[in-house]
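Here is what each chain is made of, one letter per residue.
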Amino acid sequence: MSKIIAIANQKGGVGKTTSAINLAASFAALEYNCLVVDADPQANSTSGLGLDSKEKRYSIYHTMIEDIDPKEVIVQTQYDYLDVIPSHIDLVGAEVEMIDIEEREIRMKKALNNLRDAYDFIIIDCSPSLGLITVNALTAADSVLVPVQCEYYAMEGLGKLLSTIKIIQSRLNPQLVIEGILLTMYDVRLRLSNQVVEEVNTHFKEIVFKTIIPRNIRLSEAPSFGIPVIAHDAESKGAVSYLNLAQEIIDNNQMHK
Ligand code: ADP
Ligand code: MG
């Protein structure tokens, strides 16, 4: 069984990319075969996994627009069980190119379905928008993980995101479920952080992950070395929390290797 998880929130800077890289690296550390699909032209998860994001390579967009075989766009990382489909800043115009093509919302789904046999988890790192590429990601996915930053305006835009998910469920992907809301950048010392945890739990009780990701310097340093936090400092709170999240998702889904 394989599971495709889209990490989405149209708000920027909430921890989508950090979660994509480190959740995937945690699954890999637990020996689950994992693929990260970088669906953001900013290419932060591409560079965060050690690839030169300026190098021209095939990307997920090539499978969607030019019908390139998805197997040809996969790049291996330096870690066992962890591959990536990279992105590139040039792809910022790809969304516009897709407007006229047929079946434009289900292109990513078709590409990724061909890869299900090869992976236990496919993690899609979405861009901070609800545009056509994100619609493709939500249509391709089995579930969506929504990071919410423990900061001011944490819940801002969540209503819009949830109504977009409802539209996708009714028109394009009835199977789509919410994997969970993930509280990120939590600071135990801040009253605000604790208020956000309380507020999100009050509104969304059943769908909030038990694991909370703390604000942790190692998590913010790791991308500058092009490595996941687990390779930067495996003992850090950041590394441990993403391993806990991976285990929580494995348990929730009763995933077996
Ligand atoms: P998004 O992909 O949603 O835009 P990022 O994952 O890139 O968000 O995170 C935004 C910034 O916050 C980045 O500089 C990242 O390193 C930092 N960051 C994310 N999560 C944490 C965390 N738990 N602790 C400390 N810094 C974090
Ligand atoms: Mg990002």
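These figures come from a predicted structure and were not determined experimentally. (Residues numbered from 1 in each chain as written. Chains lettered and ligands numbered in written order. Predicted model: local features only at pLDDT ≥ 70, side-chain atom pairs only at ≥ 80, totals over all residues.)

Engineer: Please explain the overall build of the protein chain as it appears in this structure.
Structural biologist: Helices and strands together make up the secondary structure of the protein chain, namely 11 helices and 7 strands. For 257 residues, the compact-globule estimate of 2.2 N^0.38 gives 18 Å, and the protein chain sits close to it at 17 Å. Its C-alpha atoms give the protein chain principal-axis dimensions of roughly 50 × 40 × 35 Å. Within the protein chain, buried positions represent 48% of all 257 residues. The long-range share in the protein chain, meaning contacts at least 24 apart out of those at least 6 apart in sequence, stands at 78%. (Helix = DSSP H or I, 4+ residues; strand = E, 2+ residues; numbered from the N terminus. Rg over C-alpha atoms; globule rule 2.2 N^0.38 Å. Buried ≥ 20, exposed ≤ 12 C-beta atoms within 10 Å, placed from the backbone. Contact = placed C-beta atoms within 7 Å.)

Engineer: How do you make sense of the site of ligand 1 when you look at a structure like this?
Structural biologist: Taken together, 18 residues lie near ligand 1, and Gly15, Lys16, Thr17, Thr18 and Ser220 sit nearest. Of the residues belonging to the shell around ligand 1, the class tally is 6 nonpolar, 10 polar and 2 charged. (Near = placed C-beta within 6 Å. Nonpolar A, V, L, I, M, F, W, Y, C, P; charged D, E, K, R; others polar.)

Engineer: Help me understand the nonpolar core, please; the structure alone is not making it clear to me.
Structural biologist: Considering soluble globular proteins, one finds that nonpolar side chains tend to be buried as a cluster. By size, the foremost hydrophobic cluster in this structure holds 73 residues, and its most contacted members are Ala24, Ile123, Ile124 and Ala137. No other element matches the 8 residues that helix 1 (residues 16–29) contributes to this core. If near-sequence neighbours (up to four positions away) are discounted, Ala137 is found in contact with Ala6, Ala8, Ala39, Met108, Ile124 and Cys126. (Core = buried A, V, L, I, M, F, W, Y, C linked by C-beta atoms within 7 Å.)

Engineer: Before we go on, may I ask you to explain helix 8 (residues 191–204) in this structure?
Structural biologist: Residue pairs spaced three or four apart in an α-helix point in one direction, given the helix's 3.6 residues per turn. With 14 residues, helix 8 should reach 20 Å at 1.5 Å per residue; the first-to-last C-alpha distance of 20 Å fits that figure. The set of residues buried in helix 8 consists of Ser193, Val196 and Val200. Relative to the axis of helix 8, the buried residues are bounded by an arc of 60 degrees and lie together on one face. Along helix 8, the residues that are exposed and aim more than 90 degrees away from the buried face are Arg191, Gln195, Glu198 and Thr202. Each element contacted by the buried residues of helix 8 is listed here: strand 6 (143–149) and strand 7 (177–184). (Expected span 1.5 Å × (residues − 1). Arc of directions from axis to C-beta.)

Engineer: Where do I start with helix 1 in this structure?
Structural biologist: Relative to the 20 Å expected for 14 residues at 1.5 Å per residue, helix 1 spans 20 Å between its end C-alpha atoms, a close match to the ideal helical length. In terms of residue burial, helix 1 counts as a mostly covered element, since 14 of its 14 residues are buried. Just downstream of helix 1, Glu31 is the residue with a positive phi angle, here 70 degrees.

Engineer: Sorry, what's going on with the environment of Ile217 here?
Structural biologist: As for its position among the elements, Ile217 is in helix 9 (residues 217–225). In this structure the C-alpha to C-alpha distance between Ile217 and Asp38, which are 179 residues apart in sequence, comes to 23 Å.

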